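# A closer look at the structure
The residues making up each chain are set out below.
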Amino acid sequence: MDSSQAVYDGLKKAGIDFVVSVPCVNLGKLMEMVDCDPDIIHVPVTREEEGFGIAAGAYLGGKKPAILMQNSGLGNSVNVLASLFKLYQFPILMVISHRGTEGEFMGAQIPMGEATTGILDTLEIAYINPKTPEEALKLVPESWLLAELAGSPLAILLEISFW
Ligand SMILES: O=CCS(=O)(=O)O
């Protein structure tokens, strides 16, 4: 099964209807799928924290939000995740291209790759790490249910080997 298709199908099964995105080489196909979907409002942004702010407003407006991002953007998002999403208990699916993992071609990605789970742990944001498209297809919809019940973001970490 195609990796991007599996994540997209999982988002659809979850009922995600609002997506903000910051590009990553591994998210390109998924972003195109989302952008072509008439039932999903897709808002490309330039910084992850901007995307989280827009997604928070969408959630308050009754949407089910997700963000497509690279883990490097997690560093830009600590404050908005803590002071907005955790404080007001907003759910969001964080579909994260986890760079700096095995097979990474860009050395600069390694430090944030290693820091990613620690940042999520510090923020008390749960995360899953599907290894195959089949796992992603099953776990993405379940992740939204958990995020909604918990009133919290939930990260879906997709390592380089996933793609
Ligand atoms: O952040 C790095 C740029 S790319 O590898 O996603 O193109």
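Residues numbered from 1 in each chain as written. Predicted model: local features only at pLDDT ≥ 70, side-chain atom pairs only at ≥ 80, totals over all residues. Heavy atoms only, no water.

- Going by an unreviewed UniProt entry, the chain carries the name sulfopyruvate decarboxylase and comes from Methanobacterium formicicum.
- One UniProt comment on the chain, placed under Catalytic activity (unreviewed entry), says "3-sulfopyruvate + H(+) = sulfoacetaldehyde + CO2".
- Word for word, the UniProt comment on the chain under Function (unreviewed entry) is "Involved in the biosynthesis of the coenzyme M (2-mercaptoethanesulfonic acid). Catalyzes the decarboxylation of sulfopyruvate to sulfoacetaldehyde." (UniProt positions renumbered as here; feature names shortened; annotations may be inferred.)

## Side note on the packing of helix 3 (residues 48–60) against helix 4 (residues 78–88)
- As a packed pair, helix 3 and helix 4 sit with axes 10 Å apart at the nearest point and diverge in direction by 10°. By the angle between their axes, helix 3 is roughly parallel relative to helix 4. Of the residues in helix 4, those touching helix 3 at Glu49, Phe52, Gly53, Ala55 and Ala56 are Val80, Leu81, Leu84 and Phe85.
- A class-by-class count of the residues in the contact of helix 3 with helix 4 yields seven nonpolar, one polar and one charged. (Axes fitted to C-alpha atoms, helices over the stretch in contact; angles between N-to-C directions. Helix = DSSP H or I, 4+ residues; strand = E, 2+ residues; numbered from the N terminus. Parallel < 35°, antiparallel > 145°, perpendicular 65-115°, else oblique. Contact = heavy atoms within 4.5 Å. Nonpolar A, V, L, I, M, F, W, Y, C, P; charged D, E, K, R; others polar.)

## Topic: the packing of helix 1 (residues 3–14) against helix 2 (residues 28–35)
- The N-to-C vectors of helix 1 and helix 2 enclose an angle of 40°; their axes lie 9 Å apart at closest approach. Of the possible angle classes, the one that applies to helix 1 and helix 2 is oblique. Helix 1 and helix 2 meet at a crossing whose hand is right-handed. Contact residues: Ser4, Gln5, Val7 and Tyr8 in helix 1; Lys29, Leu30, Met33 and Val34 in helix 2. (Left-handed = near helix turned anticlockwise from the far one by under 90°.)

## A closer look at the UniProt feature "domain: Thiamine pyrophosphate enzyme N-terminal TPP-binding" (unreviewed entry) in the chain
- Under the UniProt annotation, "domain: Thiamine pyrophosphate enzyme N-terminal TPP-binding" (unreviewed entry) lies at residues 1–102.
- As annotated, residues 1–102 comprises 43% helix and 21% strand, and the C-alpha atoms at either end are separated by 21 Å.

## A closer look at the side chain of Glu104
- Residue position: Glu104 is located in the loop between strand 4 (92–98) and helix 5 (110–122).
- Glu104 gets classed as buried once you look at its relative accessible area, which sits at 14%. (Buried < 20%, exposed > 50% of the residue type's maximum accessible area, 1.4 Å probe, protein only.)

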